[in-house]
Amino acid sequence: METIRLFLDFGLMVLIWMVQLIVYPGFIYYSEEALIQWHKKYTPRISLLVIPMMLGQLMLYGSLLQQEKTMYSVSGFVLVLLVWLLTFTIFVPRHKAISATEFSRNTLVELANLNWLRTAIWTALFLWNYFTVSV
């Protein structure tokens, strides 16, 4: 279980850094029409990667929390829940706005700026897990 959790944490960390450094900043270089076309292809494709990993991470940290109530298990689960909360309250609505053509340049800038929260959480979660497992 530890190894699978470590791989999921690593995968989500790498994915979020790619989104943070490449995908979201790239959105501002598209024309509105081109972004809407690309976004319709991008979101289902990235969802094929993100959804199973996020669900797996949630289940593994939930399982760990059921097995033991430690600072690590509670904090890890809370961090995973925080990423879910951020995703569904901040990022999903903004992506829906892009899909519905109800967005501005500010929406795109907000995606990149606010995504530092998820980037920091998933990076911290991976590093904490890595040093906990390998010690």
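Our subject is the structure listed above.
Here the structure is a predicted model, which is why all the values come from computation and not from measurement.

Visitor: Mind laying out the overall build of the chain, listing which residues take part and the relevant values?
Guide: The number of helices and strands found in the chain is four helices and zero strands. Listed by position from the N terminus, the elements making up the chain come as α-α-α-α. Taken along its principal axes, the extent of the C-alpha atoms in the chain is 50 × 25 × 20 Å. Expressed as a percentage of contacts within the chain between residues at least 6 apart in sequence, the contacts between residues at least 24 apart total 75%. As displayed, the chain has an accessible area near 7,800 Å², and 70% of this comes from carbon and sulfur atoms. Distance from the positive charge centre (9 side chains) to the negative charge centre (7 side chains) of the chain: 3 Å.

Visitor: Would you mind going over the packing of aromatic side chains in detail, with residue names and values included?
Guide: Evaluated as defined, the whole model comprises eleven aromatic pairs. Their ring planes at 75° and their centres at 5.5 Å tell us that Trp-17 and Trp-116 sit as a pair that is edge-to-face. Within this pair, whereas Trp-17 is found in helix H1 (residues 2-27), its partner Trp-116 is found in helix H4 (residues 105-134), the two being separated by 99 residues in sequence. On the accessibility criterion, Trp-17 (31% relative accessible area) is partly exposed. Every member of this aromatic cluster is reached through a ring pair, and the members are Tyr-24, Phe-27, Trp-38, Tyr-42 and Phe-91. The ring centre of Phe-91 lies 3.7 Å from the NZ or CZ of Arg-118, which sits over that ring.

Visitor: How would you sum up the pattern of salt bridges? Please name residues and give values.
Guide: Scanning all chains against the criterion turns up one salt bridge. Residue Arg-94 pairs with Glu-110 through a salt bridge whose shortest N-O separation is 2.9 Å. Pair noted here: Arg-94 is in helix H3 (residues 71-99) and Glu-110 is in helix H4, with a separation of 16 residues, a long-range link. By relative accessible area, which is 25% here, Glu-110 ends up partly exposed.

Visitor: Could you give an account of the packing of H1 against H4, with specific residues and numbers?
Guide: Close contact between H1 and H4 brings their axes to 8 Å; oriented N to C, the two are set at 160°. Accordingly, the angle class assigned to the pair H1 and H4 is roughly antiparallel. The hand of the H1/H4 crossing is left-handed.

Visitor: Could you give me a rundown of the packing of H3 against H4, with the residues and numbers involved?
Guide: The contact between H3 and H4 brings their axes to 10 Å, and the two run at 160°. Taken together, the axes of H3 and H4 lie roughly antiparallel to each other. For the crossing formed where H3 meets H4, the hand is left-handed. In terms of residue class, the contact of H3 with H4 is made up of 18 nonpolar, eight polar and three charged.

Visitor: Describe unusual backbone geometry, and please don't skip the residues or the numbers.
Guide: Most of the time, phi is negative for any residue but glycine, and the peptide bond is trans. In this model, Thr-101 sits at a positive phi of 55°, which is unusual for a non-glycine residue. Tracing the chain through its elements places Thr-101 in the loop between H3 and H4.

Visitor: Just give me the short version of the nonpolar core, but keep the residues and values in it.
Guide: Counting 36 residues, the largest nonpolar core has Tyr-24, Phe-27, Tyr-42, Met-54, Ile-98, Phe-103 and Trp-122 as the members making the most contacts within it. In terms of residue count, the dominant contributor to this core is helix H2 (residues 32-67) (eleven residues). Once residues lying within four places of it in the same chain are set aside, the contact partners of Tyr-42 are Val-19, Val-23, Tyr-24, Phe-27 and His-95.

Cut-offs and rules
Residues numbered from 1 in each chain as written. Predicted model: local features only at pLDDT ≥ 70, side-chain atom pairs only at ≥ 80, totals over all residues. Heavy atoms only, no water. Helix = DSSP H or I, 4+ residues; strand = E, 2+ residues; numbered from the N terminus. Contact = heavy atoms within 4.5 Å. Areas by Shrake-Rupley, 256 points an atom, 1.4 Å probe, with all protein chains shown as cover. Lys, Arg positive; Asp, Glu negative; His and termini not counted. Charge placed at Lys NZ, Arg CZ, Asp CG, Glu CD. Phe/Tyr/Trp six-rings, centres within 6.5 Å; stacked < 30°, edge-to-face > 60°. Buried < 20%, exposed > 50% of the residue type's maximum accessible area, 1.4 Å probe, protein only. Lys NZ or Arg CZ within 6 Å of the ring centre and 35° of its normal. Salt bridge = Lys/Arg side-chain N within 4 Å of Asp/Glu carboxyl O. Axes fitted to C-alpha atoms, helices over the stretch in contact; angles between N-to-C directions. Parallel < 35°, antiparallel > 145°, perpendicular 65-115°, else oblique. Left-handed = near helix turned anticlockwise from the far one by under 90°. Nonpolar A, V, L, I, M, F, W, Y, C, P; charged D, E, K, R; others polar. Core = buried A, V, L, I, M, F, W, Y, C linked by side-chain atoms within 4.5 Å.

None of this, on its own, says anything about what the molecule does.
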